[in-house]
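Topology and contacts: notes
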Amino acid sequence: MNRRKELLNALSAREPYNGLILSEEETQTLFEKLISYYELNDKETSDNHGRIFKSLYIDGGYKNYGKTAAENYISTYTLDRYRQRYNKLAESLLKENKRRKL
């Protein structure tokens, strides 16, 4: 499964997404919030979302979702659900941040 064009992929590649352009500092802040959240959540739930998130969007070590899924011992369908979840939270945080600035 190859990488798709979506919010977090675009931000990690420093590309615009649906007209949204974030500065490097804004992108870094968003990613730090997401990583902090998932790492804290992992301590409670014994999941690996922090590691999976980093491998998808920070480390850039994988060319496709299949390799990322295999490395984390999950199916590509599970990874797809996780990816959608990560993007949904990122969009929610960006909307909240935009409302605060207004």
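Per chain, residue numbering runs from 1 following the sequence as it is written. Per-residue local features are limited, in this predicted model, to residues with pLDDT of at least 70; the limit for side-chain atom pairs, both in listing and counting, is 80 or more; totals at the level of whole chains, interfaces and linings are taken over all residues. Hydrogens are left out, water is left out, and the side-chain values use all remaining heavy atoms of the structure.

**Side note on the packing of helix 3 (residues 49-58) against helix 5 (residues 76-101)**
To obtain each axis, a line is fitted to C-alpha atoms, and for helices this fit is confined to the stretch in contact; angles are then taken between N-to-C directions over 0 to 180 degrees. Helical segments are the DSSP runs of H or I of at least four residues, strand segments are the runs of E of at least two, and each set is numbered from the N terminus. At a minimum axis separation of 11 Å, helix 3 and helix 5 run at an interaxial angle of 85 degrees. The orientation of helix 3 with respect to helix 5, classified from their angle, is roughly perpendicular. Between helix 3 and helix 5, the contacting residues are His-49, Ile-52, Phe-53, Leu-56 and Tyr-57 on the first element and Leu-79, Tyr-82, Arg-83, Arg-85, Tyr-86 and Asn-87 on the second. Note on residue categories: nonpolar means Ala, Val, Leu, Ile, Met, Phe, Trp, Tyr, Cys or Pro, charged means Asp, Glu, Lys or Arg, and polar means any other residue, Gly included. Its residues assigned to classes, the contact of helix 3 with helix 5 comprises seven nonpolar, two polar and two charged. By the definition adopted for this analysis, an angle is roughly parallel if under 35 degrees, roughly antiparallel if over 145, roughly perpendicular if from 65 to 115, and oblique otherwise. Any two residues having at least one pair of non-hydrogen atoms within 4.5 Å are treated as being in contact.

**Remarks on the packing of helix 2 (residues 24-45) against helix 5**
Where helix 2 contacts helix 5, the two axes come as close as 11 Å, and the packing angle between them is 125 degrees. Taken together, the axes of helix 2 and helix 5 lie oblique to each other. With respect to the hand of their crossing, helix 2 and helix 5 are arranged in right-handed fashion. In this structure, helix 2 uses Glu-26, Leu-30, Leu-34, Tyr-37, Tyr-38 and Asn-41 to contact helix 5, whose residues at the interface are Arg-85, Tyr-86, Leu-89, Ala-90, Leu-93, Leu-94 and Lys-101. Residues belonging to the contact of helix 2 with helix 5 are distributed by class as follows: nine nonpolar, one polar and three charged. In this scheme, a crossing is called left-handed if the near helix is turned counterclockwise away from the far one by less than a right angle; it is called right-handed if the turn is clockwise.

**Topic: the environment of Asn-97**
Take Asn-97: it is sitting in helix 5. Judged by relative accessible area, Asn-97 falls into the partly exposed class, the value being 33%. In the structure, Asn-97 is positioned 44 residues away from Phe-53 in sequence and 21 Å away in space, judged by C-alpha atoms. Exposure is judged per residue with a 1.4 Å probe applied to protein chains only, and the accessible area is read against the type maximum: over 50% gives exposed, under 20% gives buried, and values in between give partly exposed.

**Examining the nonpolar core**
For our purposes a nonpolar core is just a set of buried Ala, Val, Leu, Ile, Met, Phe, Trp, Tyr and Cys residues, chained together by side-chain atoms within 4.5 Å. Within the largest apolar cluster, 20 residues are counted, with the highest numbers of intra-cluster contacts made by Leu-8, Phe-53 and Tyr-86. Looking at this core, the elements with two or more residues in it are helix 1 (7-12), helix 2, helix 3, helix 4 (65-71) and helix 5. In this view, Tyr-86 contacts Leu-8, Tyr-38, His-49, Ile-52, Phe-53, Leu-56 and Tyr-57; residues no more than four positions away in its chain are not counted.

**Examining the pattern of salt bridges**
One speaks of a salt bridge when a side-chain nitrogen belonging to Lys or Arg is within 4 Å of a carboxyl oxygen belonging to Asp or Glu. On inspection of all chains with the given rule, the structure shows four salt bridges. Residue Asp-80 pairs with Arg-83 through a salt bridge whose shortest N-O separation is 2.1 Å. In this pair, Asp-80 and Arg-83 both sit in helix 5, three residues apart, roughly one turn of the helix. The same class applies to Asp-80 and to Arg-83, which are both buried. Each of Glu-6, Asp-80 and Arg-83 takes part in one network of salt bridges that share partners.

Remember, this is a structural readout, not a statement about activity or role.
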